[in-house]
Amino acid sequence: MRTPRTGLVPEPPPPHRPPRGTRSPMWRHTTQTTRVSDATLGTLEFSLQYDQENNALNCTINKAKLPVPRYKKGLKPMDHNGLSDPYVKLHLLPGASKANKLRTKTLHNTLNPVWSETLTYYGITDEDMVRKTLRISVCDEDKFRHNEFIGETRIPLKKLKPNQIKNFNNCLEKQLPVNKTEDKSLEERGRIMISLKYNTVKSCLVVGIIRCAHLAAMDANGFSDPYVKTYLKPDENKKSKHKTLVKKKTLNPEFNEEFCYDIKYADLTKKTLEVTVWDYDIGKSNDFIGGVSLGINANGERLKHWFDCLKNKDKKIERWHTLTNELPGSLND
């Protein structure tokens, strides 16, 4: 009679391995997680500062890179050589994209671009800082096809404190839809800086057209040839029209011109100053870029500017104003 063996444990069966070409549910989950990590669009380092005194938003674009992935470092490659030709562009939302687009230089054949470039928006008001959002997009320049979108980030300007630099290191995201429900009649077409002063010695209103910023591009070359016209209405004699010189091929013209309107101080409460910006074209009708009206019937900053002029005789009052695509009154060029 054989003695039974004791203390022996049967060997466990070998672990089940899925056939080649297949994956278990757990394996699939792990692979998807890795792919999400590898597909990171990148990060962008930048800083923002609202210069309240000069009504300017300074945007310094520093560099872009990825958290170190398993096999690549830097931006998601867009070109066949595994590299990109990246640049950064800025938009203020809501607003017309062509009127307020800024962009950096393009850096070629790199996944770790370092721009160290400052872009500035002029004519930024406290109201803008409450209601606007800065959209920052990283794109790949392609000379033979359309430029390709890499990723973007958006910063509500209300996060910034006046005159303080705030640093960011944000992950880039997929392109987000732009709100298209804005009132197109109030579409922004740029900004204009106007000065007002009532001269008590000469009994006249002095209107200064100082500069414009981020005008809408009206020409095929991506620029405009802007000039400004002013009217003081009602204008029964049709003699209140003044016009600046034309500035060639620019969206940020500086005019620094002044016009005088002979008018009694008491009559200013019955008047409206209409300011329009035009794009000069040879051989055809000039294009309307945008306009703004200041006076007793205006509202917001436009009304406040007019009242400040009336309350402070012989003092020059400067303000930035938003141009809209509404043509003041029924003016024609």
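Scroll up to find the structure.
The rules we used
- Residues numbered from 1 in each chain as written.
- Predicted model: local features only at pLDDT ≥ 70, side-chain atom pairs only at ≥ 80, totals over all residues.
- Heavy atoms only, no water.
- Helix = DSSP H or I, 4+ residues; strand = E, 2+ residues; numbered from the N terminus.
- Phe/Tyr/Trp six-rings, centres within 6.5 Å; stacked < 30°, edge-to-face > 60°.
- Buried < 20%, exposed > 50% of the residue type's maximum accessible area, 1.4 Å probe, protein only.
- Lys NZ or Arg CZ within 6 Å of the ring centre and 35° of its normal.
- Pairing = 2+ DSSP bridges.
- Axes fitted to C-alpha atoms, helices over the stretch in contact; angles between N-to-C directions.
- Salt bridge = Lys/Arg side-chain N within 4 Å of Asp/Glu carboxyl O.

### Examining unusual backbone geometry
And then number 1: For the peptide bond that leads from Leu93 to Pro94, omega is -10°, which places it in the cis range.
And then number 2: As for its placement among the helices and strands, Pro94 is situated in the loop between strand S3 (86–93) and strand S4 (102–103).
And then number 3: With an omega of 0°, the peptide bond running from Lys233 to Pro234 counts as cis.
And then number 4: Relative to the helices and strands, Pro234 resides in the loop between strand S11 (226–233) and strand S12 (242–243).
And then number 5: Phi at Ser116 is positive, roughly 50°, even though this residue is not glycine.
And then number 6: Along the chain, Ser116 falls in strand S5 (residues 114–122).

### Thoughts on the packing of aromatic side chains
And then number 1: Throughout the structure, instances matching the rule amount to three aromatic pairs.
And then number 2: Ring geometry for Trp278 against Phe288: centres 5.3 Å apart, planes inclined by 70°, an arrangement best described as edge-to-face. On the criterion of sequence distance, the pair formed by Trp278 in strand S14 (residues 272–279) and Phe288 in strand S15 (residues 287–295) is long-range, its members being 10 residues apart. For the residue pair Trp278 and Phe288, the accessibility class agrees, reading buried in each case.
And then number 3: Looking at Arg103, its charged tip hangs above the ring of Tyr87, at a distance of 3.8 Å from the centre.
And then number 4: Seen from the ring of Tyr265, Lys313 lies directly overhead, with NZ or CZ sitting 4.1 Å from the centre.

### Some details on the sheet that holds strand S8 (residues 166–171)
And then number 1: Taken in spatial order, the four strands of this open sheet run S5-S2-S1-S8, and their pairing is antiparallel. Each end of this open sheet is capped by a strand with a single partner; those strands are S5 and S8. The sheet shows a mean angle of 20° between the axes of neighbouring strands, taken without regard to direction.
And then number 2: In this structure, strand S1 (residues 43–51) lies alongside strand S2 (residues 56–65), joined through nine bridges in antiparallel fashion. The partner of Thr43 across the bridge, within S2, is Lys65.

### Focus: the sheet that holds S3
And then number 1: Ordered by their spatial adjacency, four strands build an open sheet running S4-S3-S6-S7, and the pairing between neighbours is antiparallel. Bordering the open sheet on either side are S4 and strand S7 (148–156), each of which pairs with just one other strand.

### Quick word on the pattern of salt bridges
Opposite charge on two side chains permits them to pair, given that their charged atoms come into close proximity.
And then number 1: Scanning the model with the defined rule gives 11 salt bridges in all.
And then number 2: The shortest N-O distance in the salt bridge between Asp128 and Arg191 comes to 2.6 Å. Of this pair, Asp128 sits in helix H2 (residues 126–131) while Arg191 sits in strand S9 (residues 188–199), and the two are 63 residues apart along the sequence.
And then number 3: Assessed through its relative accessible area of 2%, Asp128 is described here as buried.
And then number 4: Where Lys311 meets Asp308, a salt bridge forms, and the shortest distance between an N and an O atom there is 3.9 Å. In this pair, Lys311 and Asp308 are both assigned in helix H3 (residues 300–311), three residues apart and thus about one turn of the helix distant.
And then number 5: Residue class for Asp308 comes out buried when judged on its relative accessible area of 10%.
And then number 6: The network of salt bridges with common partners includes Lys304, Asp308, Lys311 and Arg319.

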